[in-house]
Amino acid sequence: MDIHTATYLKSSEFISQCPVHNKPEYAFIGRSNVGKSSLINMLTGNKKLAKTSATPGKTLLINHFQIDEGKWYLVDLPGYGFAKRSKTERTKLERMIEGYILQRECLTNLFVLIDCRHEPQAIDLFFMRWLGESGVPFSIVFTKADKLGRMRLQENIDEYLRVLAQEWDPLPPHFVTSAETRQGRDELLQYIGSINTSISTNH
């Protein structure tokens, strides 16, 4: 599957402001600075689509992007583990994220982004556990694969999956990506395409 057009649709502070449609929606989330915007730009082939920033935690709204004239949608969610936020702001962001994930009916799959350079972080494992308990379908996307040599990359991912296997059977689907080299782009788009096909077949 390929993406022909990708356009920014709107940014929402509350789930009630999100676009109304009945098409599949794929959301991206992860800790601040994990590379969500860069990944969305790489997938859509549009470097300017999602605003990337060197400052972690810039995405403070639910950002919707329309794909192929509204056949499906990509969503850029605020990062969690907000570095430099006041308690009030953190609570507001947590409510926004939780509201979207639990109440958005057209959310088809949540991609949880993990920086492949780091060992498993408690905040990510806790978040995925919460998704599992809440029955939210998700997949793991390891980002920044170009920052490690092949051996080290494989070791890090194997270690991550080993930790996950202590709680998950089967393991959630996972992908290894690099916004720089476009690694993982075809696999991710194929995965989204296969879900879209199964949805349209069942309707």
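What counts, and at which threshold
- Per chain, residues are indexed from 1 in the order of the written sequence.
- Note on the predicted model: pLDDT of at least 70 is required for a residue's local features to be given, and 80 or more for side-chain atom pairs to be given and counted; whole-chain, interface and lining totals, by contrast, use all residues.
- Values shown for side chains rest on all heavy atoms present in the structure; no hydrogens or waters enter the calculation.
- Strand pairing is assigned whenever DSSP identifies at least 2 bridges connecting the two strands.
- Each helix corresponds to a stretch of at least 4 residues labelled H or I by DSSP, and each strand to a stretch of at least 2 residues labelled E; elements are numbered beginning at the N terminus.
- Structural elements are reduced to axes, namely lines fitted to C-alpha atoms, with helices fitted over the stretch in contact, and the angle between N-to-C directions of any two is expressed from 0 to 180 degrees.
- In what follows, a contact means two residues having at least one pair of non-hydrogen atoms within 4.5 Å.
- Paired rings are identified among Phe, Tyr and Trp, the last through its six-membered ring, by centres lying within 6.5 Å, and are further divided according to the angle between planes into stacked (under 30 degrees), edge-to-face (over 60) and tilted (the rest).
- When a residue's accessible area, from a 1.4 Å probe over protein chains only, is under 20% of the maximum for its type it is buried; when over 50% it is exposed; and in between it is partly exposed.
- Handedness of a crossover: with both strands directed away from the viewer, a clockwise path from the first strand across the helix to the second marks it as right-handed.
- Residue count minus one, scaled by 1.5 Å, sets the expected span of a helix.
- Criterion for a salt bridge: a side-chain nitrogen of Lys or Arg within 4 Å of a carboxyl oxygen of Asp or Glu.

K.L.:
Before we move on, could you go through the sheet that holds strand β7 (residues 174-176) and cite the residues and values that matter?
P.N.:
A sheet is described by the order of its strands in space; here seven strands give the open sequence β1-β3-β4-β2-β5-β6-β7, paired in mixed fashion. What marks the edges here is a single partner per strand, and that holds for β1 (6-12) and β7. Averaged over neighbouring strand pairs, the angle between their axes works out to 25° when direction is ignored. Bridge count for strand β3 (residues 62-67) against strand β4 (residues 72-76) is five bridges, and the pairing is antiparallel. Looking across to β4, one finds that His 64 is bridged to Val 75. Sheet strands touched by helix α5 (residues 185-202): β2 (25-30), β4, β5 (107-115), β6 (138-143) and β7. Its angle to β5, the strand with the most contacts, is close to 165°.

K.L.:
Now, about the packing of aromatic side chains: what can you tell me, with residues and values included?
P.N.:
Per the counting criterion, the structure on display carries 10 aromatic pairs. Seen from their ring centres, Phe 28 and Phe 111 are 5.1 Å apart, and the 25° between their planes marks the pair as stacked. Highlighted residues: Phe 28 in strand β2 and Phe 111 in strand β5, separated in sequence by 83 residues. Across the pair, exposure class does not vary: Phe 28 and Phe 111 are buried alike. Each ring, one from Phe 111 and one from Tyr 191, has its centre 6.1 Å from the other, and the planes form 65°; the classification is edge-to-face. Of the two residues, Phe 111 is situated in strand β5 and Tyr 191 in helix α5; the sequence distance between them amounts to 80 residues.

K.L.:
Give a description of unusual backbone geometry that names residues and reports values.
P.N.:
The amide bond that connects Asp 169 to the next residue, Pro 170, takes the cis arrangement and shows omega of 0°. Along the polypeptide, Pro 170 turns up in the loop between α4 (150-165) and β7. Look at Lys 144: it is not a glycine, yet its phi comes out positive at around 60°. By secondary structure assignment, the location of Lys 144 is in the loop between β6 and α4. With a phi angle near 70°, Arg 182 is a residue other than glycine that sits in the positive phi range. In this fold, Arg 182 is placed in the loop between β7 and α5.

K.L.:
Could you give me a rundown of the pairing of β6, with the residues and numbers involved?
P.N.:
Of all the six residues making up β6, six are buried; the element is thus mostly covered by neighbouring parts of the structure. Neither face of β6 is left uncovered, since the one carrying Phe 138, Ile 140 and Phe 142 and the one carrying Ser 139, Val 141 and Thr 143 both have all their residues buried. Two elements, β5 and β6, share six bridges in a ladder whose sense is parallel. Counterpart to Phe 111 in the pairing with β6 is Ser 139. A crossover links β5 with its parallel partner β6, the connecting element being helix α3 (residues 122-134), and its sense is right-handed. Two strands pair when backbone bridges link them, and β6 and β7 are joined in this way by three bridges, in the parallel orientation. Bridge pairing in β7 places Phe 142 opposite Val 176. Note that the unit made of β6, α4 and β7 has a crossover that is right-handed.

K.L.:
Any chance you could break down α5 for me, citing the residues and the numbers?
P.N.:
The end-to-end C-alpha distance of α5, which contains 18 residues, comes to 26 Å, matching closely the 26 Å that a straight helix rising 1.5 Å per residue would cover. Taken together, the buried positions of α5 are Arg 185, Leu 188, Leu 189, Tyr 191, Ile 192, Gly 193, Ile 195 and Asn 196. Buried positions along α5 lie against β2, α1 (36-44), β4, β5, β6 and β7.

K.L.:
Give a detailed account of the side chain of Thr 177, specifying residues and quantitative values.
P.N.:
Structurally, the position occupied by Thr 177 is in the loop between β7 and α5. Its relative accessible area of 1% is what places Thr 177 among the buried residues.

K.L.:
Before we move on, can you summarise the pattern of salt bridges with the specific residues and values?
P.N.:
Enumeration over the complete set of coordinates arrives at eight salt bridges. The salt bridge involving Arg 185 is made with Asp 2; its shortest N-O contact spans 3.4 Å. Taken together, the residues Arg 185 in helix α5 and Asp 2 in the segment before β1 connect sequence positions 183 residues apart. The class of Arg 185 is buried, set by a relative accessible area of 8%.

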